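A closer look at the structure
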Amino acid sequence: MYTLYGTPGTGSCIIEIALQRCGVEWCQVDACSWEDRVGNEALARINPLKQIPTLQLPNGSVLTESAAILIHLGLQFPASGLLPEEPAQVIRGLVYIAANCYSAIGIIDYPERWTDSPDAQQHEQLISGTRRRLHRAWEVFADQFAEQLFTPAQVPNALAIMAAAVSRWAGGRDALHQSRPEFARVLAQVDAHPNVAPVFARHWPS
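Just so we're clear, the structure is a prediction, and the values are computed from it rather than from any experiment.

How each quantity is defined
- Residues numbered from 1 in each chain as written.
- Predicted model: local features only at pLDDT ≥ 70, side-chain atom pairs only at ≥ 80, totals over all residues.
- Heavy atoms only, no water.
- Phe/Tyr/Trp six-rings, centres within 6.5 Å; stacked < 30°, edge-to-face > 60°.
- Helix = DSSP H or I, 4+ residues; strand = E, 2+ residues; numbered from the N terminus.
- Lys NZ or Arg CZ within 6 Å of the ring centre and 35° of its normal.
- Expected span 1.5 Å × (residues − 1).
- Buried < 20%, exposed > 50% of the residue type's maximum accessible area, 1.4 Å probe, protein only.
- Arc of directions from axis to C-beta.
- Contact = heavy atoms within 4.5 Å.
- Pairing = 2+ DSSP bridges.
- Axes fitted to C-alpha atoms, helices over the stretch in contact; angles between N-to-C directions.
- Right-handed = clockwise from strand over helix to strand, strands pointing away.
- Parallel < 35°, antiparallel > 145°, perpendicular 65-115°, else oblique.
- Left-handed = near helix turned anticlockwise from the far one by under 90°.
- Nonpolar A, V, L, I, M, F, W, Y, C, P; charged D, E, K, R; others polar.

Here's the deal with the packing of aromatic side chains
This structure, assessed with the given rule, holds eight aromatic pairs. Aromatic side chains W138 and F141 sit 5.5 Å apart centroid to centroid with 80° between the ring planes, which places their arrangement in the edge-to-face category. Residue W138 and its partner F141 are both found in helix α5 (residues 120-145); the two are separated by three residues, about one turn of the helix. Measuring from centroid to centroid gives 5.9 Å for F141 and F183, while their planes differ by 65°, and the two rings are edge-to-face. A residue pair is termed long-range when its members are at least 10 positions apart, and F141 in helix α5 and F183 in helix α8 (residues 181-192) qualify at 42 residues. In textbook terms, an aromatic cluster arises when at least three aromatic residues are bridged by ring pairs, as seen for Y96, W138, F141, F145 and F183. R113 extends its terminal NZ or CZ atom over the ring of Y110, reaching a point 3.8 Å from the ring centre.

Let's talk about α8
With twelve residues, α8 should cover 16 Å at 1.5 Å per step; its first-to-last C-alpha distance of 17 Å lies within 8% of that length. Those residues of α8 that sit buried are F183, A184, V186, L187, V190 and D191. Down the axis of α8, the smallest arc covering the buried residues is 155°, so these residues share one side. Facing away from the buried side of α8, by more than 90 degrees, are the exposed residues E182, R185 and A192. Summarising the contacts, the buried residues of α8 are in contact with α5, α6 (158-166), α7 (172-179) and α9 (197-203).

Digging into the sheet that holds strand β4 (residues 62-64)
The four strands lie next to each other as β2-β1-β3-β4, forming an open sheet whose pairing is mixed. If you trace the sheet from one side to the other, it starts and ends with β2 (26-30) and β4, each paired once. Geometrically, the sheet is characterised by an average inter-axis angle of 20° between neighbouring strands, direction not taken into account. Sheet topology places strand β3 (residues 54-56) next to β4; three bridges connect them, and they run antiparallel. Looking across to β4, one finds that T54 is bridged to T64. Of the strands in this sheet, β1 (2-6), β2 and β3 are in contact with helix α1 (residues 12-22), which crosses β1 at around 160°. On top of the sheet, helix α3 (residues 66-76) reaches β1, β3 and β4; it is set at about 125° to β4, its chief contact.

A closer look at unusual backbone geometry
Of the consecutive residues I52 and P53, the connecting peptide bond is found in the cis state with omega at 0°. Inspection of the secondary structure puts P53 in the loop between α2 (40-46) and β3. Its identity as a non-glycine residue notwithstanding, K50 has a phi of 55°, on the positive side. Backbone geometry at E65 places phi at a positive 75°, although glycine is not the residue there. With respect to the secondary-structure elements, E65 resides in the loop between β4 and α3.

Regarding the pairing of β2
Looking at chain direction, β1 and β2 are connected through five bridges and run parallel. For T3, the partnering residue across the bridge sits in β2 and is C27. Between the parallel pair β1 and β2, the chain is carried across by α1, and the sense of this crossover is right-handed.

A few points about the packing of helix α4 (residues 88-109) against α5
Each packed pair of helices is defined by two parameters, the angle between the axes and the distance between the axes. Contact geometry for α4 and α5: axes closest at 8 Å, N-to-C directions at 165°. Classified by the angle between their axes, α4 and α5 sit roughly antiparallel to one another. Regarding α4 and α5, the two cross each other, and that crossing is left-handed. Two secondary-structure elements touch here, α4 through Q89, R92, G93, Y96, I97, N100, C101, A104, I105, I107 and I108 and α5 through L126, I127, T130, R131, L134, A137, W138, V140, F141, Q144 and F145. When grouped by side-chain class, the residues that make up the contact of α4 with α5 number 15 nonpolar, five polar and two charged.

Now the structure itself:
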């Protein structure tokens with residue numbers, strides 16, 4: 001059985017959708033680094049950074065990083081449609097989000113981790129500059145990857161799931177509505193897909 005460490009409203013929703021698509025047995029342990037959760041000690045034992053999502057495989061090995069987990073599952077379960085037969089561009093897009101978007105959100109959420117200064121004004125400047133950079137990164141993503149998000153049967157692939165989730169944070173989706181409205185509508189289609197919508201509704205109840 002797969003064991004997914006995560007908590008509501010986080011990137012663990014991405015892997016939850018992927019595991020469902022793969023049709024495997026899995027369970028979830030409620031854990032995160034910023035709140036007291038029942039699974040925090042267990043998470044720290046297998047991932048010292050206590051990052052989520054973390055996925056423990058049936059053989060006991062551990063995978064971290066959303067992009068790496070999605071690539072692994074897509075390769076292990078090709079019938080899931082998480083990765084296409086020629087996966088290079090989807091893999092590129094997954095790494096792009098991890099490097100340019102996920103990382104920027106970490107700075108926005110925890111600026112104190114990225115500067116030695118305790119000055120609140122400097123923290124705000126760091127947040128503001130990083131947010132600008134993040135929104136520009138989403139524009140580039142929209143321009144380069146809009147055609148890479150669906151299977152031939154119009155089912156969202158791994159890249160679509162990750163983009164739809166991560167763009168919800170730090171004003172990314174609102175910025176895309178302004179600068180790339182057509183792409184924002186594509187992400188809304190991902191949100192509404194039957195594979196995605198129930199999980200998002202649990203993580204972000206309206």
